[in-house]
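# Residue-level structure breakdown
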Amino acid sequence: MATATSQFLTIPSPSPSPSLSLSSKSSLSSAFSVSVRPRCRGARSLVVLVSAGLDAKPTVLVAEKLGDAGLTLLKDFANVDCSYNLTSEELCTKISLCDALIVRSGTKVTREVFESSGGRLKVVGRAGVGIDNVDLAAATEFGCLVVNAPTANTVAAAEHGIALLAAMARNVAQADASIKAGKWLRNKYVGVSLVGKTLAVLGFGKVGSEVARRAKGLGMNVIAHDPYAPADRARAIGVELVSFDEAISTADFISLHMPLTPATSKVLNDETFAKMKKGVRIVNVARGGVIDEDALVRALDSGIVAQAALDVFTVEPPPKDNKLVLHEQVTATPHLGASTTEAQEGVAIEIAEAVVGALKGELAATAVNAPMVPSEVLTELKPFVDLAEKLGRLAVQLVAGGSGVKTVKVTYASARAPDDLDTRLLRAMIIKGLIEPISSVFVNLVNADFTAKQRGLRITEERVILDGSPENPLEFIQVQIANVESRFASAISESGEIGVEGRVKDGIPHLTKVGSFEVDVSLEGSIILCRQVDQPGMIGKVGSILGQENVNVSFMSVGRIAPRKQAVMAIGVDDPPSKETLKKIGEIPAVEELVFLKL
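The numbers attached to residues start from 1 for each chain and follow its sequence in the written order. Restriction of local features to residues with pLDDT of at least 70 applies here, the model being predicted, together with a cutoff of 80 or more for giving and counting side-chain atom pairs; totals for whole chains, interfaces and linings are based on all residues. Side-chain measures here rest on the full set of heavy atoms in the structure, leaving out hydrogens and waters.

## Here's the deal with the overall build of the protein chain
Secondary structure counts use DSSP, requiring at least four H or I residues in a row for a helix and at least two E residues in a row for a strand, with both numbered from the N terminus. Scanning the protein chain from terminus to terminus reveals 18 helices and 23 strands. Within the protein chain, buried positions represent 51% of all 599 residues. Pairs at least 24 apart in sequence give 67% of the contacts found in the protein chain among residues at least 6 apart. The Shrake-Rupley method, run with a 1.4 Å probe, gives the accessible areas here. Residue values count only the displayed protein chains as cover. If you sum the accessible surface of the protein chain, you get close to 26500 Å²; carbon and sulfur atoms cover 52% of it. The cut-offs for exposure are 20% and 50% of the maximum accessible area for each residue type, with area from a 1.4 Å probe on protein chains only; residues under the lower value are buried, those over the upper are exposed, and the others partly exposed. Only heavy atoms matter for contacts: two residues are in contact if any of them lie within 4.5 Å across the pair.

Spelled out as structure tokens, the structure:
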């Protein structure tokens, strides 16, 4: 089998193809409408409907208060209906007359809303970052684009974080309440200084970076943890990137700026509080769910955490009897991170521009769901799409904490001609796998390249041309991450990158290579990778431990350099094993390293 390789793409500024977008950017005037509709029941694809009515202006329903500057932009292009405090029933009644809907966090845009629109609703704009209140799956199913406004409130959120940091350190809220109650307790409210103290910023994105800049100006030593933060950007600010455990164990103050995802839900809990320096102080202007609130109360009561300043809560507004809010050592504000006059106007302008652009048929860079892809393309690429995302997820989990992911190379092996395989969807899914697990961004075909570029992630693609039948679109996909350390040393290939490779077998994605080791394990459930000395009985020992702990093994494969030398065992498990189970496997004398990877 002869092979030839050719590098054919380095991602430039995103420019989605018209065939996979709502329309070409300038092909439609404001007098026309663009809609995505199903062609037939059970199979959806992109259909552009062009129509001109007597009233060429679309209708935008603004369901929550929006700044005047944003409303002015909307009114220049559309008919604007400002109807606030609608009930669910009232929203469903109105929506069939609207082409766009703009909401903040208080309005639930449910499947019923999309069903009630009768296909007319083309875009939902979320004036802010989080989109928890929008049913994205239903939006995509009904051909509705969802856009948000992720940048306008960055400075406001950072400033509020610093305000809470200083107010907490100097007991401003408690002292204010005390003096207004007629007391004069100078000795009770002695604070702590910020200068010379270590601040750990957990989540070094836009807001986290701005908090770090301001904290440095206050004379603080700033460290940060974020798997995607480029080391050069951190160095430019004077911030050291460290592992999560190092960040929480050495900090005097911890400031949270991470999104709420399955990976970050209750990331601060009894176990992580126990690792912290006694007397640590915590600020949260991110999402309430990243902290286990009951565990924080216990940590405050025990003195592990001296104080907390919180702008966000798991349930908002929190119950009146919430122990955390009522705790004497807690400073609380009602989700004011973006609540400045300037930020509100900025968000209004940003979301208005995104909605107007979408109604014109343009693809917004802040889109958070994907347009429809022709069913025949999805049918052929579906198993490879799944493979691509899972390889991205595996690769990024192999990166050690503190290493910034910057350079990724994707290799496709195919017998097809270069112009007969469009890899944009596959590339988008790899980016999704790399970024989405610990990010608030929803990555899809619309925003994948933009999101990668925004995070400093350089993706290059390479084609390996195979001899043989072009019946299958691909033989294998390989993902390599360069210039990073690995949690599993055996994942480093001979060329020095973290490398994983996979194939589709009988319609199911398989992991077929880790580093230089050949394996074969179905990418279902989760995976344990274990490097050991190749000797008899190893499969039995590991399998016995998993069986005793009631962990069901779906697949097991061993790749080795040579008999009696080193080998890598890849084990597919249906359920995540406990830490105790992994510890028992690691204590087998022949086992040299292991890692658990969740799909």
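What follows picks up the thread again.
## A closer look at the nonpolar core
Counting residues in hydrophobic clusters, the biggest one holds 53 residues, and the most contacted among them are Leu398, Val408, Leu434, Ile477, Ile481, Leu511 and Leu529. The element that contributes the greatest number of residues to this core is helix H14 (residues 375–397), accounting for 9 residues. The residues contacting Val408, other than those within four sequence positions of it, are Leu434, Leu457, Arg458, Ile459, Thr460, Val479, Gln480 and Ile481. By nonpolar core we mean a set of buried residues, namely Ala, Val, Leu, Ile, Met, Phe, Trp, Tyr and Cys, connected to one another through side-chain atoms within 4.5 Å. Counting residues in each nonpolar core, the second largest holds 30 residues, with Ile223, Leu256, Ala308 and Leu310 among its members.

## Overview of helix H11 (residues 293–302)
Burial in H11 covers these residues: Glu293, Ala295, Leu296, Val297, Ala299 and Leu300. N-cap assignment for H11: the residue whose side-chain oxygen lies 3.2 Å from the backbone N of Asp294 is Asp292. Among the residues trailing H11, Gly303 stands out with phi positive, at a value near 90°. A 3.5 Å cut-off defines polar contacts: any pair of N or O atoms within that distance qualifies, except that in protein one atom must be a possible hydrogen donor and the other a possible acceptor, and neighbouring residues in sequence count only when both atoms are side-chain atoms.

## Some points on the sheet that holds strand S21 (residues 553–560)
Two strands pair if DSSP finds at least two bridges between them. If you trace the 4 strands from one edge of the open sheet to the other, you get S21-S22-S20-S23, paired in antiparallel fashion. Here the strands that pair on one side only, and so sit at the sheet edges, are S21 and strand S23 (591–598). Geometrically, the sheet is characterised by an average inter-axis angle of 15° between neighbouring strands, direction not taken into account. Pairing between strand S20 (residues 526–533) and S23: 7 bridges, direction antiparallel. Directly across from Gln532, in S23, lies its bridge partner Val591. As a rule, the C-alpha atoms of each element are fitted with a line to give its axis, helices using only the stretch in contact, and angles between N-to-C directions run from 0 to 180 degrees. On the sheet, helix H17 (residues 538–548) packs against S20, S21, strand S22 (566–573) and S23 and is oriented at approximately 30° with respect to S22. Seen against the sheet, helix H18 (residues 579–586) touches S20 and S23 and runs at an angle of roughly 150° to S23.

## Topic: unusual backbone geometry
In the segment running from Glu316 into Pro317, the intervening peptide bond is cis, with an omega of -5°. Position of Pro317 among the secondary structure elements: in the loop between strand S12 (305–310) and helix H12 (323–326). Phi is positive for His335, close to 55°, though the residue is something other than glycine. By the secondary structure assignment, His335 is in the loop between strand S13 (330–332) and helix H13 (341–359). Classification of His335 by relative accessible area gives partly exposed; the value is 36%. Located in the positive-phi region is Asp506, a residue other than glycine, with phi close to 55°. Its location among the elements puts Asp506 in the loop between strand S17 (498–505) and strand S18 (508–514).

## Some thoughts on the packing of helix H5 (residues 154–169) against helix H7 (residues 206–217)
Running from amino to carboxyl end, H5 crosses H7 at an angle of 50°, the nearest separation of the two axes being 8 Å. What the angle tells us is that H5 and H7 run oblique. As for how H5 packs across H7, the hand of that crossing is right-handed. For the pair formed by H5 and H7, the contact residues are Thr154, Val155, Ala157, Ala158, Glu159 and Ile162 on the first element and Lys206, Val207, Glu210, Val211, Arg214 and Ala215 on the second. In this classification, Asp, Glu, Lys and Arg are treated as charged, Ala, Val, Leu, Ile, Met, Phe, Trp, Tyr, Cys and Pro as nonpolar, and every other residue, Gly included, as polar. Looking at side-chain class alone, the contact of H5 with H7 contains 7 nonpolar, 1 polar and 4 charged residues. Convention used here: angles under 35 degrees read as roughly parallel, angles over 145 as roughly antiparallel, angles from 65 to 115 as roughly perpendicular, and any remaining angle as oblique. Two helices that cross are described as forming a left-handed crossing if the nearer one is turned anticlockwise from the farther one by less than a right angle, and a right-handed crossing if clockwise.

## Side note on the sheet that holds strand S6 (residues 145–148)
Taken together, 5 strands build an open sheet; the order of strands is S3-S2-S4-S5-S6 and the sheet is parallel. Only two strands of the sheet have a single partner each, and these edge strands are strand S3 (79–82) and S6. Strand-to-strand, the axes of this sheet are offset by a mean angle of 20°, without reference to chain direction. Bridge count for strand S2 (residues 59–62) against strand S4 (residues 100–103) is 3 bridges, and the pairing is parallel. Residue pairing for S4: Leu61 is matched across the bridge by Leu101. The sheet strands contacting H13 are S2, S4, strand S5 (123–126) and S6, and the helix crosses S5 at an angle near 170°.

## Here's the deal with the pattern of salt bridges
Every case where a carboxyl oxygen of Asp or Glu lies within 4 Å of a side-chain nitrogen of Lys or Arg is listed as a salt bridge. Counting across every chain of the model gives 24 salt bridges. Where Arg298 meets Asp270, a salt bridge forms, and the shortest distance between an N and an O atom there is 2.7 Å. Placement of the pair is Arg298 in helix H11 and Asp270 in helix H10 (residues 270–274), with a sequence separation of 28 residues. On the basis of relative accessibility, which here comes to 40%, the residue Asp270 falls in the partly exposed class. Asp386 serves as the salt-bridge partner of Lys390, at 3.7 Å between the closest nitrogen and oxygen. Here Asp386 and Lys390 lie together in helix H14, a separation of 4 residues that amounts to about one turn.

## A word on the confidence of the model for the protein chain
On average, the protein chain scores 85 in pLDDT, and the residues at 70 or more come to 88%. What pLDDT conveys is the predictor's confidence in a given residue, as a value from 0 to 100. Every residue in residues 1–54 scores below 50 in pLDDT, and together they form 116 contacts with partners more than four places removed in sequence or on other chains.

## As for the side chain of Ser117
Residue placement: Ser117 occurs in the loop between helix H3 (111–116) and S5. Residue contacts for Ser117: discarding those within four places in its chain leaves Ile95 and Ser96.

## Details of the pairing of strand S7 (residues 198–202)
Most of S7 sits out of view: 5 of its 5 residues are buried. A two-sided burial pattern is seen for S7, the buried positions comprising Thr198, Ala200 and Leu202 on one face and Leu199 and Val201 on the other. For the crossover from S7 across H7 to strand S8 (residues 221–225), the handedness is right-handed. Clockwise travel from the first strand over the helix to the second, with the strands pointing away from the viewer, marks a crossover as right-handed.

## With respect to the pairing of S4
Judged by which residues are buried, S4 turns out to be covered on both faces: Ala100 and Ile102 on one side and Leu101 and Val103 on the other are all buried. Chirality of the crossover, the property in question, places the unit of S4, H3 and S5 among those that are right-handed.

## Re the environment of Leu194
Here Leu194 shows up in the loop between helix H6 (172–180) and S7. Note: C-alpha distance between Leu194 and Asn221 (27 residues apart in sequence) is 9.4 Å. If sequence neighbours within four positions are ignored, Leu194 has contacts with Leu165, Ala166, Ala169, Leu218, Met220 and Phe253.

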